[in-house]
Amino acid sequence: MGPISSEGFSAYTNFTVSTDVKPIKGWSTNFASLHFDQNNGIYSVPINGKYAIYATLTYGFQLGYPPNPLGSIKPKFTIYRNSELLLISLFPRITFTVEGGYDSLSTGANLSMVGVFELLNGDKLSMNYETDGLTNSVVCDIYWSIYCFS
């Protein structure tokens, strides 16, 4: 892939939420880039190239357990380029079929998102939390980084 250039960022945030957050805002940077708006959570790609995207996410439910049965509820973290989905990380499900069945979300988990993409100057990247109908409050810690290969 080649060496990593000096273009990119590394950021961290934590929050409690019960609604969709598109994009996630209020980041603190460990390694800053002029092209990452940490207040609004948008990375504007400055040059055409191959970019590595890494995210580590930890979540837990603030109070109680998620509803059972969940039906089609699939909360997730996503990374978009403009309106195109690049990466997705669904909350893990726990399903048992004994005595009437049980279908719920894990009450907490560590998730990872990793990908390498060809991006174009002007592309806008955002990380999002999508509830898909889940109403429980979720506590989240997220580390997110993007680097360009030269």
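Residues numbered from 1 in each chain as written. Predicted model: local features only at pLDDT ≥ 70, side-chain atom pairs only at ≥ 80, totals over all residues. Heavy atoms only, no water.

### Here's the deal with the overall build of the chain
Looking only at helices and strands, the chain features 0 helices and 12 strands. Reading the helices (α) and strands (β) of the chain from amino to carboxyl end gives β-β-β-β-β-β-β-β-β-β-β-β. Partitioning the contacts of the chain with sequence separation of at least 6, the portion at a separation of at least 24 is 75%. Accessible surface for the chain amounts to roughly 7,700 Å². Of this, 52% is attributable to carbon and sulfur atoms. (Helix = DSSP H or I, 4+ residues; strand = E, 2+ residues; numbered from the N terminus. Contact = heavy atoms within 4.5 Å. Areas by Shrake-Rupley, 256 points an atom, 1.4 Å probe, with all protein chains shown as cover.)

### A few points about the nonpolar core
Ile24, Ile53, Phe77, Met127, Tyr129, Ile142 and Trp144 are the most contacted members of the largest nonpolar core, which totals 38 residues. Where this core is concerned, the elements lending two or more residues are β1 (4-17), β5 (49-61), β6 (76-81), β7 (84-90), β10 (108-119), β11 (124-130) and β12 (138-149). Setting aside chain neighbours within four positions, we find tyrosine 129 in contact with Val17, Thr19, Asp20, Val21, Lys22, Ile24, Pro75, Lys76, Phe77, Phe91, Leu134 and Val138. (Core = buried A, V, L, I, M, F, W, Y, C linked by side-chain atoms within 4.5 Å. Buried < 20%, exposed > 50% of the residue type's maximum accessible area, 1.4 Å probe, protein only.)

### Here we look at the packing of aromatic side chains
All chains considered together, the criterion is met by 15 aromatic pairs. Aromatic side chains phenylalanine 9 and tyrosine 43 sit 5.3 Å apart centroid to centroid with 45° between the ring planes, which places their arrangement in the tilted category. You can see phenylalanine 9 sitting in strand β1 and its partner tyrosine 43 sitting in strand β4 (residues 42-44), a full 34 residues away along the chain. The exposure class of phenylalanine 9 is buried, given its relative accessible area of 0%. Assessed through its relative accessible area of 0%, tyrosine 43 is described here as buried. Taken together, the aromatic side chains of Phe9, Trp27, Phe36, Tyr43, Tyr51 and Trp144 make up a single cluster linked through ring pairs. (Phe/Tyr/Trp six-rings, centres within 6.5 Å; stacked < 30°, edge-to-face > 60°.)

### Thoughts on the sheet that holds β4
Pairing in this open sheet of 5 strands is antiparallel, and the strands run β3-β4-β11-β6-β7 from one edge to the other. Only two strands of the sheet have a single neighbouring strand rather than two, namely β3 (36-37) and β7. (Pairing = 2+ DSSP bridges.)

### Looking at the side chain of glutamate 7
Note on placement: glutamate 7 falls in strand β1. Within the local environment of glutamate 7, its side chain forms a polar contact with the side chain of serine 33, the two groups lying 2.9 Å apart. Engagement of the side chain of glutamate 7 in a polar contact is seen with the side chain of tyrosine 43, the distance being 2.7 Å. (Polar contact = N/O pair within 3.5 Å; in protein donor to acceptor, adjacent residues only side chain to side chain.)

### Quick look at a nonpolar patch on the surface
A contiguous nonpolar surface patch, about 250 Å² in accessible area, is contributed by Leu85, Ile88 and Leu90. Mapped onto the elements, leucine 90 comes out in strand β7. The class for leucine 90 is partly exposed, based on a relative accessible area of 45%. (Patch = residues over 30% accessible without salt bridge, like charges linked within 9 Å, V, L, I, M, F, W, Y side chains within 5 Å. Salt bridge = Lys/Arg side-chain N within 4 Å of Asp/Glu carboxyl O.)

### Concerning the pattern of salt bridges
Enumeration according to the criterion identifies 2 salt bridges in this entry. The partner of glutamate 84 in a salt bridge is arginine 81, with the nearest N and O atoms 2.7 Å apart. Among the salt bridges present, the one from aspartate 123 reaches arginine 81, with a minimum N-O distance of 3.8 Å. Here arginine 81 lies in strand β6 and aspartate 123 lies in the loop between β10 and β11, a separation of 42 residues in the sequence.

### Considerations on the pairing of β5
Bridge count for β5 against β10 is 12 bridges, and the pairing is antiparallel. Residue pairing in the sheet places tyrosine 51 in a bridge with phenylalanine 117 of β10. Here 12 bridges tie β5 to β12, and the two strands are oriented antiparallel to one another. Within β12, the position partnered with threonine 56 by the bridge is tyrosine 143.

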